[in-house]
Structure formats: C-alpha cells, structure tokens
Amino acid sequence: MKAVIRNDIHAAAELLRNGELVAIPTETVYGLAANAFDPDAVLKIFQVKERPAFDPLIVHIGKKEDLDRVAFSFPPSAEALIENFWPGPLTLVLPKRREVPDLVTSGLDTVGVRMPAHPIALQLLQHLDFPLAAPSANPFGYISPTTAKYVSDQLGDRIPYILDGGPAMIGVESTILGCEEHEGAGKWRCYRVGGIPLEVIEKVIGKVEHRSDPAAPVAPVMLTTHYAPRKPLLIGDVRILIAQDPQKRIGVIAFRDRFPSAYCHTLSPSGDLSEAARGLFSALRELDNSDVELIVAELFPAKGRGNAINDRLLRASASR
Ligand code: TXA
Ligand code: MG
C-alpha cells in the first residue's frame, strides 16, 4: 500500500471517521492525524511514528469554542493569547478534560491544544465532529516534513492518505506555552520556541519564562536531540568549519551569505528570517539525502523566527 496524495477533504474526513490515520497540512509542518477521542486510532500514530508513549500529542481544533471540549480552567491571559494568535502556530498546554484519552497526553493531566491556520486543515477540522491529535508526520526524532512528498518519502508505506496542502508556509513547529499557575493572571512558560516569536507573545501577556532545564523534561520536546538528520551537523563559523575539513564534501546551511561549497543552502539572501524558517527543514532533508559527509550551519540572528531556527539546529546537532 502506498499513500494516496490528494486534496480531497471529504475522503480524508471519511478515513478519519473510520479510525484511520491521515497526514494533514498545517501552516507549520505536516501532521499525522487521528480522531483525538479514539484511543485505538491514536495508538496507530505512536506505532507509525515509532514514537515513545511518554511523548504527548497536540490536539488540533477547528473553532475556538471547541477548546472547551478538551481543556478547562484557563486564566484570562489564555483568552488574550487565543484572541491574538489563533488560528496560528501557538500551542497552549492547559488542564485536560477527562474525555481526552490518557494515551494522547501520555498520562499527563494537561493537554496541548492548537487551532491551525492552514485553510485546508481548518476546513477538514470544521467538517469533523471530533478534534484531531497530530504530531509532526515524521519518524520519531527526525526532521519534520514541510511538503506532502516528504511525508510520503518516509511514511507513505504506512498510512492510507496524505492531504496535500502545498508547502508549509511557516516551516517550523508551533510555539508551545504551558500555564503553570492558574490563579490570578496566570503564569506562562515556554516549552518550545516556534512559529510565533516570544517577543511577540510577551507584548500580549508580559514576561514568559523559558523552560530550559533538560534534566526535567516536562515536555519530551525538551529532550536535547531531536529534529535530527542522519548526517553529523556542526554549528559555528561556517568558513572555519569548512577550512577544518578541506577534503570532505560539506553541506552548508547559511542565512544570507553564499559559501564555497557545491552544497550551500542560503536560506534568505535578503535577510528575512521568516523566509529562512520556511526553507530550513527542506534544506536539512536535501543535504541529509545528498552525498555530503558533513553538514555545517551558522547560528541565525536571535530574534523573530531566528530563535526557532537556532533551537532546531542546536537540537539537530546535539551528539547522539
Ligand atoms: O506545529 C506543530 O506543533 C506541529 C503541527 C503538526 O501542529 N505539531 C508538532 O507536534 O510539532 P509534535 O508531536 O511533533 O511536537 C509536540 C510536542 C511534543 O513533543 C510534546 O512534548 C509537547 O508538544 N506536548 C504535547 N502535549 C504536551 C503537554 N500536555 N505537556 C507538555 N508538552 C506537551
Ligand atoms: Mg515532532
């Protein structure tokens, strides 16, 4: 069996109603979706991705009102976040309702929820009478897919349908915020930097703490190694890294500059961090599938989506 790649929302909805998996487009990356209220369907996600059961899934909803079906007890600041950033690349971790199976949340009493901004994902969700649990549609630990073809390359033999929504417009996963104090205004922590920069979020709710203690991974997303290509990846001054290994075939990921390598991916010659984020994962994939022996990348400016880019590069380079 090879997955059908098409853009028929009705066919996708029918499969999902029957407890099957469908890969769906979102504005961040493609997701591997199942009925979030059906534990048997959700179990298939973990099997297909070879994902450990301790890593909880994000639940996707098609309308803001549906948040009440999966979570409860949010501070007023949650409403401000929702008004400003949904639909969009922001996941909120909130106390979960009992109706959400433990498998979805890996037994946690919280659930990650987001309303995606991709029009096809929204139409699909609004067609269904259940929300969709969906992690990124890649084998566990590998780079997230930003096109239907990338999903098909890795999971095409294991799922029936890939809903094609074109290349992902944002290209890095959602920002994840957890509400850790519900009294008063609520206190938010960032579990994963992503599509919405923290400085933009802080304009709405004030200072957000960063959760960066890898010894206590509340979200397994905080495990250091993730988003990783098979090839070794080094981060630093690209010119020096290339000079250190002159006889190797070296792939380069750079922001604005071109470097002397046949495999140089300059992500945004004009210096636009959103454009760079959009191209990051496909550059990593292409280099991983090429005959380079080593990938080197520079750090990006630490603002806007540059922080999400750096986070993914650093995790991808963490030694395995
Ligand atoms: O942009 C995205 O968020 C994409 C698209 C498909 O929506 N999804 C995505 O899912 O990146 P995934 O599973 O690859 O990463 C979600 C991370 C998980 O690694 C998990 O650690 C964290 O979200 N997470 C989910 N529920 C959580 C919870 N209740 N508490 C803490 N972390 C949670
Ligand atoms: Mg993922």
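Each value, and the rule that gives it
- Residues numbered from 1 in each chain as written.
- Chains lettered and ligands numbered in written order.
- Predicted model: local features only at pLDDT ≥ 70, side-chain atom pairs only at ≥ 80, totals over all residues.
- Heavy atoms only, no water.
- Helix = DSSP H or I, 4+ residues; strand = E, 2+ residues; numbered from the N terminus.
- Rg over C-alpha atoms; globule rule 2.2 N^0.38 Å.
- Buried < 20%, exposed > 50% of the residue type's maximum accessible area, 1.4 Å probe, protein only.
- Contact = heavy atoms within 4.5 Å.
- Areas by Shrake-Rupley, 256 points an atom, 1.4 Å probe, with all protein chains shown as cover.
- Lys, Arg positive; Asp, Glu negative; His and termini not counted.
- Charge placed at Lys NZ, Arg CZ, Asp CG, Glu CD.
- Domains from an automatic or database assignment.
- Buried area = accessible area lost by both parts, 1.4 Å probe.
- Salt bridge = Lys/Arg side-chain N within 4 Å of Asp/Glu carboxyl O.
- Phe/Tyr/Trp six-rings, centres within 6.5 Å; stacked < 30°, edge-to-face > 60°.
- Pairing = 2+ DSSP bridges.
- Axes fitted to C-alpha atoms, helices over the stretch in contact; angles between N-to-C directions.
- Near = heavy atom within 4 Å.
- Polar contact = N/O pair within 3.5 Å; in protein donor to acceptor, adjacent residues only side chain to side chain.
- Nonpolar A, V, L, I, M, F, W, Y, C, P; charged D, E, K, R; others polar.

1. Points about the overall build of the protein
Along its length, the protein carries 11 helices and 15 strands. By the compact-globule yardstick of 20 Å for 320 residues, the protein fits well, its C-alpha radius of gyration being 19 Å. Counting only C-alpha atoms, the protein reaches 60 × 50 × 35 Å along its principal axes. Across the 320 residues of the protein, 55% fall into the buried class. Intrachain contacts of the protein at a sequence separation of at least 6 include 68% that bridge at least 24 residues. Working note: accessible area of the protein is about 13,300 Å², and carbon and sulfur atoms make up 52% of it. Counting 35 positive and 39 negative side-chain charges, the protein places the centres of these two groups 3 Å from one another.

2. Overview of unusual backbone geometry
A cis amide bond, omega -10°, links Trp 86 with the succeeding residue Pro 87. Of note, Glu 50 is a non-glycine position whose phi angle comes to about 55°, a positive value. Turning to its location among the elements, Glu 50 is positioned in the loop between α2 (39-49) and β4 (58-60). A relative accessible area of 56% means that Glu 50 is categorised as exposed. For Ser 106, which is not a glycine, the phi torsion comes out positive at approximately 55°.

3. A few points about the domain arrangement of the protein
Segmenting the protein into domains produces domain 1 (4-175) and domain 2 (233-317). Counting from both sides, the interface comprises 16 residues of domain 1 and, opposite them, 13 residues of domain 2. Between domain 1 and domain 2, the buried area comes to about 1,200 Å², and carbon and sulfur atoms account for 53% of it. Three residues stand out in domain 1 for area buried against domain 2, namely Ile 143, Tyr 150 and Val 172, and they jointly supply 43% of the buried area on that side. Scanning the region where domain 1 abuts domain 2 turns up 1 salt bridge.

4. Things to note about the packing of aromatic side chains
The description of an aromatic ring pair rests on the distance of the ring centres and on the angle between the ring planes. Enumeration over the complete set of coordinates arrives at 1 aromatic pair. Centre to centre, the rings of Phe 255 and Phe 300 are 5.3 Å apart; their planes meet at 50°, and the pair counts as tilted. Placement of Phe 255 in the loop between β13 (250-254) and β14 (263-266) and of Phe 300 in the loop between β15 (294-297) and α11 (306-317) is noted, with a sequence separation of 45 residues between them. Overall, the relative accessible area of 9% leaves Phe 255 in the buried class.

5. Observations regarding the sheet that holds β14
The strand order β12-β15-β13-β14 describes an open sheet built from 4 strands, whose pairing is parallel. Strands with a single pairing partner mark the edges of an open sheet, and in this sheet they are β12 (233-235) and β14. Strand-to-strand, the axes of this sheet are offset by a mean angle of 20°, without reference to chain direction. Summarising the sheet, β13 and β14 pair through 4 bridges and their orientation is parallel. For Gly 251, the partnering residue across the bridge sits in β14 and is Tyr 263.

6. Re the site of ligand 1
Inspection of the region around ligand 1 gives 25 residues, with Thr 28, Arg 51, His 60, Ser 174 and Arg 192 positioned closest. Thr 110 is positioned with one of its side-chain polar atoms (N or O) 3.1 Å from a nitrogen atom of ligand 1. Contact between ligand 1 and Ser 136: an oxygen atom at 2.9 Å from a side-chain N or O atom of the residue. Computed on the free molecule, ligand 1 has an accessible area of 670 Å², of which 98% lies beneath the protein chains in the complex. Sorting the residues of the shell around ligand 1 by element identifies β4, β6 (110-114) and β10 (187-192) as the ones contributing at least two each. It is β6 that contributes the most residues to the shell around ligand 1, 4 residues altogether. Considered class by class, the residues forming the shell around ligand 1 number 13 nonpolar, 7 polar and 5 charged.

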